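# Structural characterization, general
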Amino acid sequence: MSSTEEPTRGADASDSVLAPPTVAANGGGAMVRLEAVRKSFGTNLVLDGVDLSVDRGQVMVVIGPSGSGKSTLLRCVNLLEPIDSGRVFLEGEEITRKGTNVSSIRQRIGIVFQQFNLFPHLKVMDNVTLAARRIRKLPKKDAEARARVLLARVGLEEKANQYPHQLSGGQQQRVAIARALMMEPHVMLFDEVTSALDPELVGEVLLVMRDLARAGMTMLVVTHEMQFAREVGDHLVFMDEGKIVEQGVPTVVLDQPQEERTKRFLRRSLQLADSLDELHIDDQEGGVE
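The structure reproduced in this document is the subject of the present report. Counting starts from 1 at the beginning of each chain's written sequence and moves along it residue by residue. This being a predicted model, a pLDDT of at least 70 is required before a residue's local features are given, and a value of 80 or more before pairs of side-chain atoms are given or counted; all residues contribute to the totals for chains, interfaces and linings. Side-chain metrics in this entry use all non-hydrogen atoms of the structure; hydrogen atoms and water are not considered.

### Some words on the sheet that holds strand β9 (residues 235–240)
Two strands qualify as a pair provided that DSSP identifies no fewer than 2 bridges between them. A helix here means a DSSP run of H or I that spans at least four residues, while a strand means a run of E at least two residues long, and both kinds are numbered starting from the N terminus. Within the open sheet, the 6 strands sit side by side as β6-β7-β8-β3-β9-β10. Their pairing is mixed. Looking at strand neighbours, the two that pair on one side only are β6 (109–112) and β10 (243–248), the edges of this open sheet. This sheet shows a mean twist of 20° between the axes of neighbouring strands, independent of strand direction. Here β9 pairs with β10 via 5 bridges, running antiparallel. Each residue of the ladder has a partner; that of F238, found in β10, is E246. For this analysis, residues touch if any pair of their heavy atoms sits within 4.5 Å. Here an axis means a line fitted to C-alpha atoms, over the contact stretch when the element is a helix, while the angle between two N-to-C directions is reported on a 0 to 180 degree scale. Docked against the sheet, helix α1 (residues 70–77) engages β3 (59–63), β6, β7 (187–191), β8 (218–222) and β9, running at close to 150° with respect to β7. Sheet contacts for helix α5 (residues 169–182): β6 and β7; angle to β6, the most-contacted strand, approximately 170°.

Printed below as a string of structure tokens:
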């Protein structure tokens, strides 16, 4: 998948199977838009009036400390969690209004989680094609033909007849990505998809995500992989305590953060990546400095 010369996004025709379906624009370039979204679990306010817009073909990367609301944000976009107030739009259509066909909406929004969630008793081919056959009523022959193309694109064509336990964690996550792409989503959500992987397996998953971005897929990615954010992201959002603290071009936010909270988060992240020698416990904030 690597190359000595970086192609422009969408330039490689062989990646067309990874691209989203062609859809008509609805009132501008926003694929996903959130307006003043609030979400609580009991007395815990997790999303505090979040406004966010993800343009078509854009890769938006969301970073932030644990508990900042990043994963809940994705689950609200995919309607896995109901919002308390505010509105969520997909391609100009409000999907949080009463009477929304949730099943139809989720077919347009692919999501990949930290855990692979593959059916252990099904072979890779059946894991990838099951939803397309049952929900979209795709004939088995057509579903398997598309699945073979997708598995080839994620480097796993030869694993079609194996079971999940016969695969590495990175391979299982790539199967999960292929499964999501089977539904021909218009936007892909990734929730810390490399967090459960051994370090040497992270790269193979990030390369698939990079190629997906180059093919023109709109992506909303929650991650702690700062290099991915820097190289693949078009826009970066830093969240803390349910709010967007800072956002902008990834290289600018990562190299020249303006908000003190962003600076502190990035400083800690870089220190942890480099060395533990200069860290100490901050009892008041419950973190490290």
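Don't stop here, the text continues.
### So, the sheet that holds strand β4 (residues 85–90)
Reading across the sheet, the 4 strands line up as β2-β1-β4-β5 and stay open at both edges, with antiparallel pairing between neighbours. Of all the strands in the sheet, the pair left with one neighbour each is β2 (44–55) and β5 (93–94). As judged from the 2 bridges shared by β4 and β5, these two strands associate in the antiparallel manner. Note that in β5 the partner of L90 across the bridge is E93.

### Looking at the side chain of R261
For R261, the location among the structural elements is in helix α9 (residues 260–274). A simple rule labels every residue: compare its accessible area, found with a 1.4 Å probe on the protein chains alone, to the largest value its type can have, and call it buried under 20%, exposed over 50%, or partly exposed in between. Take R261: its relative accessible area is 17%, and that puts it in the buried class. Non-local contacts of R261, meaning those with residues more than four positions away in its chain, are made with P65, F238, D240 and V245.

### Considerations on helix α6 (residues 199–214)
Owing to its 3.6 residues per turn, the α-helix brings residues three or four apart onto one side. To estimate the expected span of a helix, subtract one from its residue number and multiply by 1.5 Å. Spanning 16 residues, α6 covers 24 Å between terminal C-alpha atoms, matching the ideal 22 Å at 1.5 Å per step. Restricting attention to buried positions, one finds in α6 the residues L201, V202, V205, L206, V208, M209, R210, D211, L212, A213 and R214. In this fold, the buried residues of α6 make contact with β3, α5, β7, β8 and α7 (226–232).

### Points about the nonpolar core
By size, the foremost hydrophobic cluster in this structure holds 50 residues, and its most contacted members are M188, F190, M209 and M219. Residue contacts for M219: discarding those within four places in its chain leaves V54, Q58, V59, M60, M188, F190, M209, L212 and A213. Residue types Ala, Val, Leu, Ile, Met, Phe, Trp, Tyr and Cys, when buried and joined through side-chain atoms within 4.5 Å, form a set referred to as a nonpolar core. By size, the runner-up hydrophobic cluster in this structure holds 28 residues, among which are V32, I105, I111 and V222.

### Re the environment of A176
Looking at the secondary structure, you find A176 in helix α5. For the pair A176 and V193, spaced 17 residues apart in sequence, the C-alpha to C-alpha distance is 9.8 Å. Look past the residues within four positions of A176 in its chain and what remains in contact with it is V112, F116 and L118.

### Some remarks on the pattern of salt bridges
Note on definitions: salt bridges are taken to be side-chain nitrogens of Lys or Arg within 4 Å of carboxyl oxygens of Asp or Glu. In the structure shown here, the tally under the stated rule is 17 salt bridges. E35 serves as the salt-bridge partner of R33, at 2.3 Å between the closest nitrogen and oxygen. Residues R230 and D255 are paired through a salt bridge, measuring 3.0 Å at the closest nitrogen-oxygen approach. Separated by 25 residues along the polypeptide, R230 in helix α7 and D255 in helix α8 (residues 250–255) bring together distant segments of the chain. Connected through salt bridges with shared partners, the residues R56, E91, E93, R97 and R108 form a single ionic network.

### Some words on α1
With respect to burial, α1 is a largely interior element, 6 of its 8 residues being buried. Of all the residues in α1, the buried ones are K70, T72, L73, L74, C76 and V77.

### Some remarks on the pairing of β7
Within β7, 5 of the 5 residues are buried, which leaves the element mostly enclosed by the surrounding structure. Residues V187, L189 and D191 line one face of β7 and the alternating positions M188 and F190 line the opposite face, and both faces are buried. Sheet topology places β6 next to β7; 4 bridges connect them, and they run parallel. Bridged to I111 within β7 is L189. In this structure, β7 lies alongside β8, joined through 5 bridges in parallel fashion. Bridge pairing in β8 places V187 opposite T218. After leaving β7, the chain enters α6 and then returns to the sheet as β8, a path that is right-handed. Here is how to tell: hold the view so the strands point away, follow the path from the first strand over the helix to the second, and if it runs clockwise the crossover is right-handed.

### What about the packing of helix α3 (residues 124–134) against α5?
At a closest axis distance of 8 Å, the pairing of α3 and α5 adopts a crossing angle of 25°. When the axis of α3 is compared with that of α5, the two are roughly parallel. Where α3 crosses over α5, the two elements pack in a sense that is right-handed. Residues V124, N127, V128, T129 and A132 of α3 form the contact with α5, whose participating residues are V175, A178, R179 and M182. In terms of residue class, the contact of α3 with α5 is made up of 6 nonpolar, 2 polar and 1 charged. When an angle is under 35 degrees it counts as roughly parallel; over 145 it counts as roughly antiparallel; between 65 and 115 it counts as roughly perpendicular; any other value is oblique. Helix crossings fall into two classes, left-handed where the near helix is turned counterclockwise from the far one by less than a right angle and right-handed where it is turned clockwise. Amino acid classes used here: Ala, Val, Leu, Ile, Met, Phe, Trp, Tyr, Cys and Pro are nonpolar; Asp, Glu, Lys and Arg are charged; the rest, including Gly, are polar.

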